Amino acid sequence: MKVGRVLVIRGDDGEVLGYAVVTNATIVEFSALDGSLAAVPAMFDVVLEESGAKQSLCKTFDPLMVTAAVSRPARTSTSGYLFSTIVDPGLVADPKVTARAASSRDVEAVWTIRDGFFDDRYEIGR
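Worth saying up front: this structure is predicted, and the values here are computed from it rather than measured.

How each quantity is defined
Residues numbered from 1 in each chain as written. Predicted model: local features only at pLDDT ≥ 70, side-chain atom pairs only at ≥ 80, totals over all residues. Heavy atoms only, no water. Core = buried A, V, L, I, M, F, W, Y, C linked by side-chain atoms within 4.5 Å. Buried < 20%, exposed > 50% of the residue type's maximum accessible area, 1.4 Å probe, protein only. Helix = DSSP H or I, 4+ residues; strand = E, 2+ residues; numbered from the N terminus. Contact = heavy atoms within 4.5 Å. Phe/Tyr/Trp six-rings, centres within 6.5 Å; stacked < 30°, edge-to-face > 60°. Pairing = 2+ DSSP bridges. Polar contact = N/O pair within 3.5 Å; in protein donor to acceptor, adjacent residues only side chain to side chain. Salt bridge = Lys/Arg side-chain N within 4 Å of Asp/Glu carboxyl O.

Take the nonpolar core next. One finds I9, V22, I27, F30, M43, F44 and V47 to be the most contacted residues of the largest nonpolar core, which totals 17 residues. Residue assignment for this core shows that the elements contributing at least two residues are β1 (5–10), β2 (16–23), β3 (26–32), α1 (40–51) and α2 (63–69). Ranked by residues supplied to this core, first place goes to α1 with 5 residues. Sequence-distant contacts of V47, that is, excluding residues within four places in its chain, are made with L7, I9, A20, V22, I27, F30 and G52.

Here is the structure:
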């Protein structure tokens, strides 16, 4: 996983209002503290200006980022939909599939997947 650049968004008084993560000219995360939600469009403009980002990648379950991204004139396109809950009442869990917390013993097994998500074993271990 490539590390993005974190931008902390501050008000005129220096108070933290939110943050954004930008990687490869794409805003991949955008967050505002509850007290600063009214300023979201202006905050998003600041992130665009400061980062030089040309696009944002909004997840469908992230309404704040979607709202921020469409608050300004922009071309939008949908590349997919993400769902965070299973709505199939007929789904039966496979009893042979289990889950547990990862440990340092798992680093090599995860590294063998090599799907480009992690850069190296150190990152997996972290």
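For the rest of this paragraph, the subject is the packing of aromatic side chains. Applying the stated criterion across every chain, the model contains 2 aromatic pairs. On the numbers, 5.2 Å between centres and 85° between planes, the contact of F30 with F44 is edge-to-face. On the criterion of sequence distance, the pair formed by F30 in strand β3 and F44 in helix α1 is long-range, its members being 14 residues apart. Each member of the pair, F30 together with F44, is buried.

Taken together, 4 strands build an open sheet; the order of strands is β1-β2-β3-β4 and the sheet is mixed. A strand with exactly one partner marks an edge of an open sheet, and here the two such strands are β1 and β4 (55–56). Bridging between β1 and β2 involves 6 bridges; their strand directions are antiparallel. Across the sheet, the residue bridging to V8 is Y19, located in β2.

Counting buried residues along β3, 5 of its 7 residues qualify, which places the element largely inside the surrounding structure. Strand direction decides the pairing type here: β2 and β3, joined by 6 bridges, are antiparallel. Following the sheet pairing, Y19 is matched in β3 by S31. Linking two consecutive strands that pair antiparallel, namely β2 and β3, is a turn of 2 residues; a positive phi of about 50° is found at N24 within it. Across 2 bridges, the pairing between β3 and β4 is parallel.

With respect to the helices and strands, D120 occurs in the loop between α3 (107–111) and α4 (121–125). Separated by 49 residues in the primary sequence, D120 and S71 have C-alpha atoms spaced 38 Å apart. Among the polar contacts made by the side chain of D120, one reaches the main-chain amide nitrogen of E123 at a distance of 2.8 Å.

Let's shift gears to the pattern of salt bridges. Summed over the entire model, instances satisfying the criterion amount to 2 salt bridges. Measuring nitrogen to oxygen at the nearest pair gives 2.7 Å for the salt bridge that ties D106 to R100. The partner of R121 in a salt bridge is E108, and the shortest N-O contact between them spans 2.7 Å. Of this pair, R121 sits in helix α4 while E108 is found in helix α3, placing the two residues 13 residues apart along the sequence. A residue is classified by how much of its surface remains accessible, and E108, at 43% relative accessible area, is partly exposed.

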